[in-house]
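Residues per chain, in single letters:
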Amino acid sequence: MTSVTVTEYETRLYWQGERGAVLTSDRAPPVPIGLPLVEQGPADDGRWAPETLLVGAVEGRTLLAFLERAREADVTVLFYQSCAVARVVSGPGQPPHLTDLIVRPHVAVATDLDAEVVRLIFSELPAHCFPSSVIQIAPRIEAVVETWHARAASPRAKPDASHLKPIPVLTLP
């Protein structure tokens with residue numbers, strides 16, 4: 001018998017008049033929602049545009065999926081920071097729509113081999129984490145991966161291959 005796991009994410013939105021609302025969940029603090037990105041309004045009123053929340057959700061999902069895959073590959077992540085951007089295009093006779101969704105993680109690991117594994121992980125993440133049934137545009141991941149050697153090495157020292165591990169084969173479900 002095949003088992004199926006179903007996970008539900010529930011939120012509630014409370015309209016506060018005009019163009020304001022509060023998004024709530026049983027698992028997180030309330031988030032004030034404001035004007036969409038394509039409309040003009042005060043930018044510093046502390047409210048999140050729904051499009052910005054989507055960008056943040058994709059950026060957060062990228063981080064969590066990456067960390068899971070890095071752990072499976074036995075890669076120690078020394079540093080992770082990212083930024084993300086979505087482009088919404090609107091024009092006469094067409095509704096606003098996303099044309100680009102880009103996540104730019106900056107990652108540091110200890111070895112060149114780990115860096116190669118991380119690059120492979122990032123190349124596979126869009127298809128692995130964001131099936132077309134969730135969003136209609138696949139995020140593009142533009143990773144910067146650095147090697148931060150844990151110990152100082154003499155410029156003339158021969159590389160020590162004893163710490164190298166084979167590149168794991170990563171397969172997608």
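Cut-offs applied
- Residues numbered from 1 in each chain as written.
- Predicted model: local features only at pLDDT ≥ 70, side-chain atom pairs only at ≥ 80, totals over all residues.
- Heavy atoms only, no water.
- Core = buried A, V, L, I, M, F, W, Y, C linked by side-chain atoms within 4.5 Å.
- Buried < 20%, exposed > 50% of the residue type's maximum accessible area, 1.4 Å probe, protein only.
- Helix = DSSP H or I, 4+ residues; strand = E, 2+ residues; numbered from the N terminus.
- Contact = heavy atoms within 4.5 Å.
- Pairing = 2+ DSSP bridges.
- Axes fitted to C-alpha atoms, helices over the stretch in contact; angles between N-to-C directions.
- pLDDT = per-residue confidence, 0-100.
- Phe/Tyr/Trp six-rings, centres within 6.5 Å; stacked < 30°, edge-to-face > 60°.
- Salt bridge = Lys/Arg side-chain N within 4 Å of Asp/Glu carboxyl O.

### So, the nonpolar core
Counting 23 residues, the largest nonpolar core has F66, V75, V107, V118, I121, F122 and L125 as the members making the most contacts within it. Looking at this core, the elements with two or more residues in it are α1 (50-72), β4 (77-91), β5 (94-109) and α2 (112-129). It is α2 that contributes the most residues to this core, seven residues altogether. Once residues lying within four places of it in the same chain are set aside, the contact partners of F66 are V77, Y80, V107, V118, I121, F122 and L125.

### Side note on the sheet that holds strand β3 (residues 28-33)
With antiparallel pairing, the three strands of this open sheet are ordered in space as β1-β2-β3. The strands lining the two open edges of the sheet, one partner per strand, are β1 (12-15) and β3. Within the sheet, the average angular offset between the axes of one strand and its neighbour, ignoring direction, is 20 degrees. For strand β2 (residues 21-25) and β3, the ladder comprises four bridges, and the chain directions are antiparallel.

### Quick look at the confidence of the model for the protein chain
Residues with a pLDDT of 70 or more make up 76% of the protein chain, whose mean pLDDT is 78. Under a pLDDT of 50 for its full length, residues 151-165 has, in the predicted model, six contacts with residues more than four places off or in other chains.

### Side note on the packing of aromatic side chains
Taken as a whole, this structure holds three aromatic pairs when the rule is applied. Here F66 and F122 contribute two aromatic rings whose centre-to-centre distance is 4.6 Å and whose plane-to-plane angle is 5 degrees, an arrangement assigned as stacked. In this pair, F66 sits in helix α1 while F122 sits in helix α2, placing the two residues 56 residues apart along the sequence. The same class applies to F66 as to F122, namely buried.

### Things to note about the pattern of salt bridges
Under the defined criterion, the tally for this structure stands at nine salt bridges. With a shortest N-O distance of 3.6 Å, R12 and E10 are connected by a salt bridge. Owing to a relative accessible area of 25%, R12 belongs among the partly exposed residues under this scheme. For E142, the salt bridge is made with R140, and the minimal N-O distance between the two is 2.9 Å. Taken together, the shared-partner salt bridges connect R87, D100, R104, R140 and E142 into one network.

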